[in-house]
Amino acid sequence: MQIVKAKFIEKIERTATVCSFRFAPQLKVFFKAGQFLQVLFNAENLMDRELNKFLSYSNAPQDDYIEVTKRLSASKFSDKLRNLKIGDEVSLKGPLGNCVLAPNHNEIVFLIGGIGVTPCISMLLDLANNNFSDYEINIFYANRNEQEIAFKNEFDELVKKYPRNLRIFHILSECNISDFDCIVGMIREDVIAQKIKDIHSKYFYIFGPPAMVNAMKGVCNNLGCPKDKVISESFIGY
Ligand SMILES: Cc1cc2nc3c(=O)[nH]c(=O)nc-3n(C[C@H](O)[C@H](O)[C@H](O)COP(=O)(O)OP(=O)(O)OC[C@H]3O[C@@H](n4cnc5c(N)ncnc54)[C@H](O)[C@@H]3O)c2cc1C
């Protein structure tokens, strides 16, 4: 793990409140999809939790840039990101974490909520550069409404490219099913059991805010998933 300086090169609006920020690092950073980094707006004081925050990589490890994606809030850290100008320099500490795809996990169910999408999209983009066709992936992606689905176009393109390997179920609390192909409500046992056959052979990867991750662990438990097949990372700070 290292601290590298990186130049801000691009901002991409994913939804009205979620933006991706791309940086060109001074040195190549070798990370694994699923890992995260710490963006340091106060590199002199690493203990400054207000200006130094953890964000997951949201791009493929093979890219020559680093991308992170943040749900922008009223916090000072969000303001710092919002106010970045092209060419501004930031410090990035990482890679951190070990919630990455294990080599023998080929049948995967992702349970993700809101901004918990970031490690998942990084993993899919990584597989798209490698051996996606060796995988069977189902994603249950919970959001409030269609407008809040970050990376929707990227998911649509991947499903088009790998129709036999990838399915995505949009679980929305506010949705008119005649307008959009979604499941209304929350990610629940019955929703998963209806879509996934042979649940016990699957590996469940859960990402999202702590309350959501805890709820999904309960869902997996109720489905009878073996504990060693449930892998999770909580986005502490939500
Ligand atoms: C492994 C990991 C990966 C993450 N990946 C992403 C990502 O890809 N995208 C993303 O948007 N966010 C991610 N987060 C969360 C991110 O680090 C921020 O905590 C979150 O975005 C809220 O920051 P904020 O500045 O908007 O809100 P703030 O206003 O700073 O915080 C929101 C609330 O959380 C509380 N809080 C803040 N920090 C902590 C903390 N460390 N422990 C407990 N409570 C805290 C605050 O008191 C406040 O009530 C990740 C977190 C972790 C741990």
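To be clear, the structure that these remarks concern was listed above.
Cut-offs applied
- Residues numbered from 1 in each chain as written.
- Predicted model: local features only at pLDDT ≥ 70, side-chain atom pairs only at ≥ 80, totals over all residues.
- Heavy atoms only, no water.
- Near = heavy atom within 4 Å.
- Polar contact = N/O pair within 3.5 Å; in protein donor to acceptor, adjacent residues only side chain to side chain.
- Areas by Shrake-Rupley, 256 points an atom, 1.4 Å probe, with all protein chains shown as cover.
- Helix = DSSP H or I, 4+ residues; strand = E, 2+ residues; numbered from the N terminus.
- Nonpolar A, V, L, I, M, F, W, Y, C, P; charged D, E, K, R; others polar.
- Domains from an automatic or database assignment.
- Salt bridge = Lys/Arg side-chain N within 4 Å of Asp/Glu carboxyl O.
- Buried < 20%, exposed > 50% of the residue type's maximum accessible area, 1.4 Å probe, protein only.

**Notes on the site of the ligand**
Point 1. What surrounds the ligand is a group of 19 residues, the closest being Lys 53, Phe 54, Lys 70, Ser 73 and Ser 75.
Point 2. Within the backbone of Gly 237, one N or O atom sits 2.9 Å away from an oxygen atom of the ligand.
Point 3. In isolation the ligand has 950 Å² of accessible area, and contact with the protein removes 68% of it.
Point 4. Those elements that provide at least two residues to the shell around the ligand are strand S4 (52-56), strand S5 (66-71) and helix H1 (76-82).
Point 5. In terms of residues, the shell around the ligand owes the most to one element, S4, which gives 4 residues.
Point 6. Of the residues contributing to the shell around the ligand, the split by class is 8 nonpolar, 8 polar and 3 charged.
Point 7. In this structure, the shell around the ligand is formed jointly by two domains, domain 1 (2-96) and domain 2 (107-234), each of which donates at least three residues.

**Some points on the pattern of salt bridges**
Point 1. Inspection of every chain in the model, using the stated rule, returns 11 salt bridges.
Point 2. Between Glu 10 and Arg 22 there is a salt bridge, with the nearest N and O atoms lying 3.5 Å from each other. Of this pair, Glu 10 sits in strand S1 (residues 2-13) while Arg 22 sits in strand S2 (residues 18-25); the two residues are 12 residues apart in sequence, bridging distant segments of the chain.
Point 3. Judged by its relative accessible area of 34%, Glu 10 falls in the partly exposed class.
Point 4. Residues participating in the shared-partner salt-bridge network are Glu 10, Arg 14, Arg 22, Glu 67 and Glu 154.

Read these as geometric descriptors, not functional statements.
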